[in-house]
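# Results of the structural survey
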Amino acid sequence: MVVMAAHAWGTNAEMIADIADLGYIGDTVLDATYGLGRFWSKYQPNKLISNDAHPLRGDLSYDFTSFPDDWEGQYDTVVFDPPYKLNGTPTLGKMDEDYGIATYTSLNDKLDLISRGVTECVRVTKAGGTILVKVQDQVASGRMWFQSDMVRDTLCGIANKVAVFHFLTKPRPQPEGRRQVHARNNYSTLLIFKKLYK
């Protein structure tokens, strides 16, 4: 089953609260990329385990591509908001440094990081549990990169996509002096998958 919806949530927290109301978030939740915890300011699951690569954020500090072996199948829901910005747009500031991925300099390295993270998040999700992945289809190096399709293809045969939500954001202006050649995607996408088997 695939449900598609578009909504102008003002924040990630508003989006997560609505997703929880729809029943997509279980009791025991791992936020694999907790950051500053903004997802959880309006809704709190029964048990939230926060993980972030930055040692001063969250309860734990594991690399989201390599959780402990004994975490396999432990969580009802895993939330993954990877560092999905592919290019070095100056208007976005030092985002790569903030997300701990400044060493991932090539576009392919960043895409591979997302793919490995998604696979690991599925591994630690219970059979029948849900995986929430937030990405953005975007232009980099002169072409459109469909991260939502890449994530879906990575999970093909492991999980079934049950919903797609577009999280609308404020449109960003076209950078001065640069010609627009692709459709503007001023939104990120939340993909929700159900893990089919152990």
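Procedures and definitions
Each residue is numbered by its place in its chain's sequence as written, counting from 1. A pLDDT threshold of at least 70 governs which residues receive local features in this predicted model, and a stricter bar of 80 or more applies before side-chain atom pairs are shown or counted, although totals over entire chains, interfaces and linings include all residues. To get the side-chain values, all heavy atoms of the structure are used, and hydrogens and water are removed first. Think of it this way: any DSSP run of H or I at least four residues long counts as a helix, any run of E at least two long counts as a strand, and we number them from the N terminus. Each residue's exposure class comes from its accessible area (1.4 Å probe, protein chains only) as a fraction of the maximum for that residue type: buried when under 20%, exposed when over 50%, partly exposed otherwise. Throughout, a contact is declared for two residues whenever any of their heavy atoms are within 4.5 Å. All accessible-area figures derive from a Shrake-Rupley calculation using a 1.4 Å probe, and residue coverage is judged against the displayed protein chains alone. The pLDDT value tells you how sure the predictor is about a given residue, anywhere from 0 up to 100. Strands are treated as partners if at least two bridges between them are detected by DSSP. Stacked, tilted and edge-to-face pairs are distinguished by plane angle, under 30 degrees for stacked and over 60 for edge-to-face with tilted covering the rest, among Phe, Tyr and Trp rings (Trp via its six-membered ring) whose centres lie within 6.5 Å. Every case where a carboxyl oxygen of Asp or Glu lies within 4 Å of a side-chain nitrogen of Lys or Arg is listed as a salt bridge.

### What to know about the overall build of the chain
Counting its regular elements, the chain contains four helices and nine strands. Reading the chain from its N terminus to its C terminus gives the helix and strand order β-α-β-β-β-α-α-β-β-β-α-β-β. Split into buried and exposed, the 198 residues of the chain put 47% on the buried side. Sequence separation of 24 or more characterises 69% of the internal contacts of the chain that already satisfy a separation of 6 or more. In the structure as shown, the chain presents an accessible area of about 10400 Å², 50% of it carried by carbon and sulfur atoms.

### A word on the confidence of the model for the chain
In the predicted model, the chain carries a mean pLDDT of 81, and 72% of its residues have values of at least 70. Here helix H2 (residues 95–98) stands out as the least confident element of the chain, with mean pLDDT 53; strand S2 (residues 28–31) is the most confident, with 98.

### Notes on the pairing of strand S4 (residues 75–80)
The buried count for S4 comes to six of six residues, which makes it a mostly enclosed element. Pairing geometry for S2 and S4, over three bridges, is parallel. Bridge pairing links Leu30 to Val78 in S4. Two strands pair when backbone bridges link them, and S4 and strand S5 (residues 125–135) are joined in this way by five bridges, in the parallel orientation. Looking across to S5, one finds that Val78 is bridged to Ile131.

### What to know about the packing of aromatic side chains
As enumerated under the stated definition, the model contains six aromatic pairs in all. Both rings, one in Trp71 and one in Tyr75, keep their centres 5.7 Å apart while their planes meet at 75°; by these two values the pair is edge-to-face. Summarising the burial analysis for this pair, Trp71 and Tyr75 share the class buried.

### Some points on the environment of Lys110
One can find Lys110 in helix H3 (residues 107–123). According to the relative accessible area criterion, Lys110 is buried, its value standing at 3%. Sequence-wise, Lys110 and Pro83 are 27 residues apart; in three dimensions their C-alpha atoms are separated by 8.1 Å.

### Observations regarding the pattern of salt bridges
Counted by the stated rule, this structure contains six salt bridges. The closest approach of N and O atoms between Arg116 and Asp112, which form a salt bridge, is 2.9 Å. Remark: Asp112 and Arg116 occur in helix H3; sequence separation between them is four residues, near one turn of the helix. Judged by relative accessible area, which is 35%, Arg116 ranks as partly exposed.

### Quick notes on helix H1 (residues 12–21)
Most of H1 sits inside the fold, with seven of its 10 residues counted as buried. Of the positions making up H1, those classed as buried are Asn12, Ala13, Met15, Ile16, Ala17, Ile19 and Ala20. Backbone geometry just after H1 places Gly23 at a positive phi near 90°.

### Thoughts on the side chain of Thr65
With respect to the helices and strands, Thr65 occurs in the loop between strand S3 (47–50) and S4. Residue classification places Thr65 among the buried residues on the basis of a relative accessible area of 17%. For Thr65, the contacting residues outside a window of four places in its chain are Leu113, Arg116, Gly117 and Glu120.

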